[in-house]
Amino acid sequence: QVQLVESGGGLVQAGGSLRLSCAPSGSMLSFSQMGWARQAPGQNRELVATMTSGGSTNYADSVKGRFTVSRDLAKNTVYLQMNSLKPEDTAVYYCNARSWRVVLPDYWGQGTQVTVSS
């Protein structure tokens with residue numbers, strides 16, 4: 001059973017920064033893609049930043065230029081560096097992993113709360 005363990009959420013003022021971490025139970029290279037999604041109250045979950053096994057990244061328009069997804073293969077950890085945070089970034093953030101086997105559903109972490117105060 002795949003587990004994604006997240007850490008790093010919290011409360012920050014607008015304009016501040018936070019870094020989230022996600023450590024999968026197996027090698028991150030066993031996934032075709034890893035990344036981060038968020039879900040605000042009453043809204044759908046949306047992917048905001050992803051990185052393929054080859055290192056290519058993709059970002060939602062709402063976070064481009066402010067968020068950066070990265071990884072440390074030696075630590076088997078994926079990060080989301082969030083800068084210039086806005087109150088509208090407030091949400092539960094979930095680590096996401098996609099299997100090479102496309103018939104399998106995505107894996108999700110337990111979620112970590114990020115709250116940005118104005």
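Summary of the structure given here. Bear in mind the structure is a predicted one, so any value in this text is a computation, not a measurement.

Each value, and the rule that gives it
Residues numbered from 1 in each chain as written. Predicted model: local features only at pLDDT ≥ 70, side-chain atom pairs only at ≥ 80, totals over all residues. Heavy atoms only, no water. Phe/Tyr/Trp six-rings, centres within 6.5 Å; stacked < 30°, edge-to-face > 60°. Helix = DSSP H or I, 4+ residues; strand = E, 2+ residues; numbered from the N terminus. Buried < 20%, exposed > 50% of the residue type's maximum accessible area, 1.4 Å probe, protein only. Lys NZ or Arg CZ within 6 Å of the ring centre and 35° of its normal. Disulfide = S-S within 2.5 Å. Salt bridge = Lys/Arg side-chain N within 4 Å of Asp/Glu carboxyl O.

## Quick look at the packing of aromatic side chains
Both the distance between ring centres and the angle between the ring planes are used here to describe each pair of aromatic rings.
Here's step 1: Applying the stated criterion across every chain, the model contains 2 aromatic pairs.
Here's step 2: Plain terms: the ring middles of tyrosine 94 and tryptophan 108 are 6.5 Å apart, the flat faces sit at 90° to each other, and that makes the pair edge-to-face. In this pair, tyrosine 94 sits in strand β9 (residues 91–99) while tryptophan 108 sits in strand β10 (residues 107–108), placing the two residues 14 residues apart along the sequence.
Here's step 3: Owing to a relative accessible area of 13%, tyrosine 94 belongs among the buried residues under this scheme.
Here's step 4: Take tryptophan 108: its relative accessible area is 37%, and that puts it in the partly exposed class.
Here's step 5: Looking at arginine 45, its charged tip hangs above the ring of tyrosine 94, at a distance of 3.7 Å from the centre.
Here's step 6: One residue, arginine 45, lies across the ring of tryptophan 108, its end atom 4.6 Å from the ring centre.

## A few points about the state of the cysteines
Here's step 1: By the definition in use, this model includes 1 disulfide.
Here's step 2: A disulfide bridge connects cysteine 22 with cysteine 95, and the sulfur atoms are separated by 2.0 Å. Sign of the S-S torsion, about -80° for the bond between cysteine 22 and cysteine 95, identifies this disulfide as left-handed. Placement of the pair is cysteine 22 in strand β3 (residues 18–24) and cysteine 95 in strand β9, with a sequence separation of 73 residues. By the burial criterion, cysteine 22 is buried, and cysteine 95 matches it.

## What about the pattern of salt bridges?
Here's step 1: Evaluation of the coordinates by the stated rule reveals 5 salt bridges.
Here's step 2: A salt bridge links arginine 98 to aspartate 106; the shortest N-O distance between them is 2.8 Å.
Here's step 3: Its relative accessible area of 24% is what places aspartate 106 among the partly exposed residues.
Here's step 4: Look at the salt bridges and you will find they share partners, linking Arg38, Glu46, Arg66 and Asp89 into a network.

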